[in-house]
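Notes for the structure review
This is what each chain is made of:
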Amino acid sequence: MAATPDLIVHSPNVNDRPVNGVTVIIHATRSGKSMNPTEFEGTLNYMKQAGTASSHWVIGPEGQKARVVEDNRQAWHAGADNDNAWGIEVCQGVESDGFTDLQYDALRDVCRGYMADFGIPAIHCRTSFQPGFVGHQETDQGKSFGKSDPGALFDWNRFIDSLMTEEPEVPTVPQPTLQGALVAMANAGAIMASGTGNLLNLSDEDKAALRWVVETAEGK
Ligand SMILES: [Zn+2]
């Protein structure tokens, strides 16, 4: 499933046909003003004007994720490659500004959406004609226009590694409470009193609560 946007902005600069490919192009916005405080808003305002440019996502310096073009339409981000690639613009005033941790996190979330929805592999593919993720400067189209984004400060290893790293498991059993322990003991008592029940049938939540009671009694 695609990442959840923090805001949605509509651009008239779209082709009303789907992307016919399996590549995602990473861009940097580069207004030319270092640490430009209005890089994010400025980019979005620019994309709202007819006849300029667009991308599927714009990622702000604080990791804000703006959805500009839906994934089933083409954005105007890479000339001939608009046909076969989705585009993500990461805000950066000038190349030496680098990228923030929050931007890497947001980019990971957005790109995992493409992996899930379109089967894009977690590969730095270095061309727009293979499945994976590629920098604009690495594509034939980008080279022909002298593009240098996202640039040398974009950490491809960090980015690709982040796509493959599993999210930490969220514990599904809530922390036991006294109330929960009393319920669990009552449930266990009922099973034992029935003479036929099996304590293995207790819920995971009850088992965790009973474990907590035992550990507490043992002073752990
Ligand atoms: Zn670009």
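Scoring rules and cut-offs
- Residues numbered from 1 in each chain as written.
- Predicted model: local features only at pLDDT ≥ 70, side-chain atom pairs only at ≥ 80, totals over all residues.
- Helix = DSSP H or I, 4+ residues; strand = E, 2+ residues; numbered from the N terminus.
- Rg over C-alpha atoms; globule rule 2.2 N^0.38 Å.
- Buried ≥ 20, exposed ≤ 12 C-beta atoms within 10 Å, placed from the backbone.
- Contact = placed C-beta atoms within 7 Å.
- Core = buried A, V, L, I, M, F, W, Y, C linked by C-beta atoms within 7 Å.
- Axes fitted to C-alpha atoms, helices over the stretch in contact; angles between N-to-C directions.
- Parallel < 35°, antiparallel > 145°, perpendicular 65-115°, else oblique.
- Left-handed = near helix turned anticlockwise from the far one by under 90°.
- Pairing = 2+ DSSP bridges.
- Expected span 1.5 Å × (residues − 1).
- Domains from an automatic or database assignment.
- Nonpolar A, V, L, I, M, F, W, Y, C, P; charged D, E, K, R; others polar.

**Overview of the overall build of the chain**
Scanning the chain from N- to C-terminus turns up 6 helices and 8 strands. Start at the N end of the chain and walk to the C end: the helices and strands fall as β-β-β-α-β-β-β-β-α-β-α-α-α-α. Relative to the 2.2 N^0.38 estimate, which gives 17 Å for 220 residues, the radius of gyration of the chain is 25 Å and therefore markedly larger than a compact globule would have. Along the longest, intermediate and shortest principal axes, the C-alpha atoms of the chain span 80 × 35 × 30 Å. By the burial criterion, 32% of the 220 residues in the chain qualify as buried. At a minimum sequence separation of 6, the contacts of the chain that also span at least 24 residues come to 69%.

**Details of the nonpolar core**
Where a protein is soluble and globular, its nonpolar side chains tend to be buried together. One finds Val24, Val58, Ile59, Ile88 and Val90 to be the most contacted residues of the largest nonpolar core, which totals 31 residues. Looking at this core, the elements that each hand over two or more residues are β3 (23–28), α1 (39–48), β4 (57–59), β7 (85–90), α2 (101–118) and β8 (132–135). Looking at this core element by element, the count peaks at 5 residues for α2. In contact with Val58, other than residues within four places in its own chain, are Phe40, Thr43, Leu44, Ala66, Val68, Glu89 and Cys91.

**Quick look at the packing of α2 against helix α4 (residues 156–164)**
Two elements in contact, α2 and α4, have axes whose closest approach is 9 Å; the angle formed by their N-to-C orientations is 55°. Our classification of the angle between α2 and α4 gives oblique. Handedness of the α2/α4 crossing: right-handed. Along its contact with α2, which presents Tyr104, Leu107, Arg108, Cys111, Arg112 and Met115, the element α4 presents Arg158, Phe159, Ser162 and Leu163.

**Regarding the pairing of β3**
A regular strand carries its side chains on alternate faces of the sheet. Within β3, 6 of the 6 residues are buried, leaving the element largely enclosed by the surrounding structure. Judged by which residues are buried, β3 turns out to be covered on both faces: Thr23, Ile25 and His27 on one side and Val24, Ile26 and Ala28 on the other are all buried. With 6 bridges joining them, β3 and β7 adopt parallel strand pairing. Bridging from a neighbouring strand, Ile25 pairs with Gly87 of β7. Pairing geometry for β3 and β8, over 4 bridges, is parallel. Along β8, the bridge assignment pairs Thr23 with Gly132.

**Focus: helix α6 (residues 204–217)**
Over its 14 residues, α6 extends 20 Å from the first C-alpha to the last, a length consistent with the 20 Å expected when each residue adds 1.5 Å. Downstream of α6 by one or two residues, Gly219 has phi in the positive range, about 75°.

**Regarding unusual backbone geometry**
Cis rather than trans, the peptide bond between Asp149 and Pro150 has omega equal to 5°. Within the secondary structure, Pro150 sits in the loop between α3 (140–144) and α4. The backbone of Arg30 shows a phi angle near 55°, a positive value even though the residue is not glycine. When you line up the elements, Arg30 lands in the loop between β3 and α1.

**Focus: the environment of Val214**
With respect to the helices and strands, the residue Val214 is situated in helix α6. Separated by 153 residues in sequence, Val214 and Pro61 place their C-alpha atoms 49 Å apart.

**Some remarks on the domain arrangement of the chain**
Parsing the chain into structural domains produces domain 1 (7–164) and domain 2 (178–217). Taking the mean C-alpha position of each, domain 1 and domain 2 sit 53 Å from one another.

**Observations concerning the packing of helix α5 (residues 178–194) against α6**
In the contact formed by α5 and α6, the axes pass within 8 Å of each other and the chain directions differ by 105°. Of the possible angle classes, the one that applies to α5 and α6 is roughly perpendicular. Here Gly180, Ala181, Ala184, Met185, Asn187 and Ala188 of α5 come into contact with α6, specifically with Glu205, Asp206, Ala209, Leu210, Trp212 and Val213. Broken down by class, the residue content of the contact of α5 with α6 amounts to 8 nonpolar, 2 polar and 2 charged.

**A few points about α2**
In a regular helix each residue adds 1.5 Å, so 18 residues correspond to 26 Å; α2 covers 26 Å between its end C-alpha atoms and thus fits that length. Turning to α2, its buried residues number three or more, namely Gln103, Ala106, Leu107, Arg108, Val110, Cys111, Gly113 and Tyr114. Check the buried side of α2 and you find it contacts β3, β4, β5 (65–67), β7, β8 and α4. Among the residues trailing α2, Gly119 stands out with phi positive, at a value near 70°.

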